[in-house]
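A structural walkthrough
Below are the chains, spelled out letter by letter.
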Amino acid sequence: MHLAAGFPTTNRDDWRTLALEVLRKSGVEAGSPEEALAGVTYDGVTLAPLYDAADLPEHLPRVRRAAFAGWDVRQRHSVADPEAVLADLEHGVTSLWLVLGDGAIPVGRLPDVLREVYLDLAPIVLQAGAETREAAEVLFGLAAERGVSPRGNLGASIGTAGRDVTAELAVRCAADFPGMRAVMLDATPYHDAGGSDADELGCSIALGVEHLRALTGAGLGVGQAFGQLEFRYAATADQFATIAKLRAAHTLWARVAEVCGAADGGQLQHAVTSSAMMTARDPWVNLLRTTIACFAAGVGGADAVTVQPFDACLGPPDAFARRMARNTQALLLEEAGAGRVADPAGGSWYVERRTADLADRAWAWFQEIEAAGGIGAASELVAGRIADTRRRRADDIAHRRFPITGVSEFPNIAEKPVRVPSAGEAGFAGEGLPEIRYAQEFEALRDLADARPRRPVVFLATIGPVAAYTARAAFAANLFQAGGLATESAGPGTDPDQIATAFAVSGSTVACLCSSDKMYGLHAEAVAAALRRAGARKIWLAGKGDYEGVDDRLYAGCDALAVLRTTFDDLEVTR
């Protein structure tokens, strides 16, 4: 059966010819459409505009999860609220991730939180840091009292619980608790510090190898050691990047298993929607981000998925936010059927090539870490590499090449905050790395503007008819509002004195000329002179061209953060 039998035969050269013709009509001159249309990730992976069967890698990844099994819906709790825990379990959540210790659930409250939870049915994943041993003993004690064998993960790791405690708990789980793993290898701190996908993957594999050495050194067999490990990765709204990352993780860990001689070296994965991508401003958009991330995690082969509530970066979520988080997963699993296929991305020329290229870069990074003495000895190397990625992404965010909807693009300065953030903007996550959010620099400016008795204003000196200035006025307004600045417009007209009068009424000291190139040629300098006489401290122009009296220009791809910070200074708003 030839599905394309009724269509003329085409090949890549035919596509190139047509694509080059379109590019030329668009004013783009390029030697090849691939050169003009390709993109490059932070890991140096080239994303081509077209893929075909020739792009398939020789070896394809093996995704562990079985078809029709779906994935484990795992909800995170950091507040001792037994009612909230039960509500989650009664409405679709299948396992619990409990954060214990200072600022979270006291270890002593664990029996209360789990008092009505069936430990043999609902897996419990602990995150207790330095109190991991104490938390494990409480959980084991509860299971013994009830005469059941618990399931889940104790959340131990060398970096948090220590090498001896981690090995001891792994040996104990292997001997006495077949449904329990001891070790959680959390790679999300590398992501939350601004790292790339290959940064996160390479560090996670290095963490895994370090723990294999520790567990086998404590007496476990290779297969037993592999069976004690679970990996945690971040899932983002970059759908295909997340799918490729999780699939690449399977490939990388399978290679480690092959080298170690493990019969079953499949990687157990827990995907968590990214903290770094979440915004405090317009947090409702986070519902969309986490939906895409959850879908990508499921398609990528995650065994368990945690969807963070849309207001997670504002403080502990309420019942509504938790409900939206778990219903996101319920919809994808039950209505969309996203868990009914083991590896739905398998065979995609684009996804397979991207997976293989990412795995190659992550493996090279892992080898670099190993050559430096392993993940424990390579902390400075790791921090330096992630800092470099963080700087490159920050530059893209500042220039709005990395857009953040509701923050750097399409901001709503009239929005009413859902809640005031209960904690500082940035802290330090595991491995001594900084913990960032991509939106934090724009949001810090929004906070400053909101704190003023009267919102600072930038005057848009619109010149000519509405059709002449609308596009550039909308562009300028969007940019200034991304920093929380209000914009007022002169409306249609070309009279410099009338525009200057409107500027004076606005009370601003910063203006931005907005119109077409033709109107600028006729009126820009006269309008700029009138604005200066009316007290303008700074005059911008949206678009191209150099005109007397204009201080600087706004344009697509300019450093929006630098523009905003300069404007705050010109408006005498303290930063």
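As recorded in an unreviewed UniProt entry, the protein goes by Methylmalonyl-CoA mutase subunit beta and comes from Nonomuraea guangzhouensis.

Turning next to the overall build of the protein. Scanning the protein from N- to C-terminus turns up 20 helices and 17 strands. Compactness check: the protein gives a C-alpha radius of gyration of 27 Å against a globular reference of 25 Å for 575 residues, within 12% of the reference. Projected onto its principal axes, the C-alpha positions of the protein cover 85 × 65 × 50 Å. Excluding contacts between residues fewer than 6 apart, the proportion of contacts in the protein whose partners are at least 24 apart in sequence is 74%. Taken as a whole, the protein presents about 24900 Å² of accessible surface, with 54% of it coming from carbon and sulfur.

Applying the stated criterion across every chain yields a total of 41 salt bridges. Among the salt bridges present, the one from E258 reaches R255, with a minimum N-O distance of 3.3 Å. Linking E258 with R255, this pair stays in helix α11 (residues 239-260), spanning three residues, or about one helical turn. Of the residues examined, R255 reaches a relative accessible area of 39% and is grouped as partly exposed.

Now for the nonpolar core. Residues L98, L114, L154, F480, L513 and L531 are the most contacted members of the largest nonpolar core, which totals 141 residues. Of the residues forming this core, the biggest block, nine residues, is contributed by helix α9 (residues 197-217). Ignoring any residue separated from it by four or fewer positions in sequence, one finds L114 in contact with L96, L98, L119, I124, L139, L142 and R146.

With that settled, consider the sheet that holds strand β17 (residues 552-554). Strand order in the open sheet formed by five strands is β14-β13-β15-β16-β17, with parallel pairing between adjacent strands. At either end of the open sheet lies a strand with only one pairing partner, and these are β14 (486-489) and β17. For this sheet, the mean angle separating the axes of adjacent strands, direction not counted, is 30°. Here helix α18 (residues 496-506) sits on the sheet and contacts β13 (457-462), β14 and β15 (510-514); the angle it forms with β13, its principal contact strand, is near 170°.

Let us now look at the layout of surface pockets. What the second largest pocket holds in volume is close to 810 Å³. What lines the second largest pocket is a set of 30 residues, and nearest its centre among them are T236, A237, D238, F402 and Y438. For the lining of the second largest pocket, the secondary-structure elements that each account for two or more residues are β1 (39-40), α12 (285-300), α14 (349-371) and α15 (379-398). Top contributing element to the lining of the second largest pocket by residue count: α12, with four residues.

Taking 1.5 Å of rise per residue, 23 residues should cover 33 Å, and α14 covers 33 Å from first to last C-alpha, within 8% of that figure. Turning to α14, its buried residues number three or more, namely V351, E352, R354, T355, A356, D357, L358, A359, A362, W365, F366 and I369. For α14, the elements touching its buried residues are β2 (46-47), α9, α11 and α15.

Now for the packing of α11 against α12. For the pair α11 and α12, interaxial distance at closest approach is 8 Å and the crossing angle is 30°. In this view, α11 runs roughly parallel relative to α12, as classed from their interaxial angle. In terms of crossing hand, the pair formed by α11 and α12 is right-handed. Contacts from Q239, T242, I243, L246, R247 and H250 in α11 reach I292, F295, A296, A297, V299 and G300 in α12.

With that settled, the discussion passes to the pairing of β15. With five of its five residues buried, β15 lies for the most part within the structure. Here β15 shows no split at all, with V510, C512 and C514 on one side and A511 and L513 on the other all buried. As judged from the four bridges shared by β13 and β15, these two strands associate in the parallel manner. Within β15, the position partnered with T462 by the bridge is C514. In this sheet, strand β16 (residues 538-542) lies alongside β15 in parallel orientation, the contact comprising four bridges. Following the sheet pairing, V510 is matched in β16 by K538. Running through helix α19 (residues 517-533), the crossover from β15 to the neighbouring parallel element β16 is right-handed.

Rules and cut-offs
- Numbering of residues starts from 1 in every chain and runs along the sequence as written.
- The model is predicted, so local features are restricted to residues of pLDDT at least 70 and side-chain atom pairs to those at 80 or more, both for listing and for counting; the totals for chains, interfaces and linings are taken over all residues.
- Hydrogens and waters are ignored; side-chain quantities use all the structure's heavy atoms.
- Put simply, DSSP marks the helices as runs of H or I at least four residues long and the strands as runs of E at least two long, and each gets a number from the N terminus on.
- In this setup the radius of gyration rests on C-alpha atoms only. A globule is expected at 2.2 Å times the number of residues raised to 0.38.
- When checking whether two residues touch, look at their non-hydrogen atoms; a contact exists if any pair is within 4.5 Å.
- All accessibility values rest on the Shrake-Rupley procedure with a 1.4 Å probe; residue burial counts only the protein chains present in the view.
- When a carboxyl oxygen of Asp or Glu is within 4 Å of a side-chain nitrogen of Lys or Arg, the pair counts as a salt bridge.
- Buried residues are those whose accessible area, probed at 1.4 Å on protein chains only, stays under 20% of the maximum for their type, while exposed residues exceed 50% and partly exposed ones sit between those limits.
- By nonpolar core is meant a set of buried Ala, Val, Leu, Ile, Met, Phe, Trp, Tyr and Cys residues that side-chain atoms within 4.5 Å join together.
- For two strands to pair, DSSP has to find at least two bridges joining them.
- Angles shown run from 0 to 180 degrees and are taken between the N-to-C directions of axes, each axis being a line fitted to C-alpha atoms and, for helices, limited to the stretch in contact.
- Cavities and pockets are found on a 1 Å grid laid over the protein atoms alone: a cavity is a set of points where a 1.4 Å probe fits but cannot escape, a pocket is an open set with protein on both sides within 12 Å along at least five of seven lines, and a lining residue has an atom within 4 Å of such a point.
- Grid points are joined across faces, edges and corners, and a volume is the space filled by probe spheres set on the points.
- Each residue after the first adds 1.5 Å to the expected span of a helix.
- These descriptions rest on fixed angle ranges, namely under 35 degrees for roughly parallel, over 145 for roughly antiparallel, 65 to 115 for roughly perpendicular, and the rest for oblique.
- We call a crossing left-handed when the near helix sits turned anticlockwise from the far one by less than a right angle, and right-handed when that turn is clockwise.
- With strands facing away from the observer, any crossover in which the path from the first strand over the helix to the second runs clockwise is taken as right-handed.

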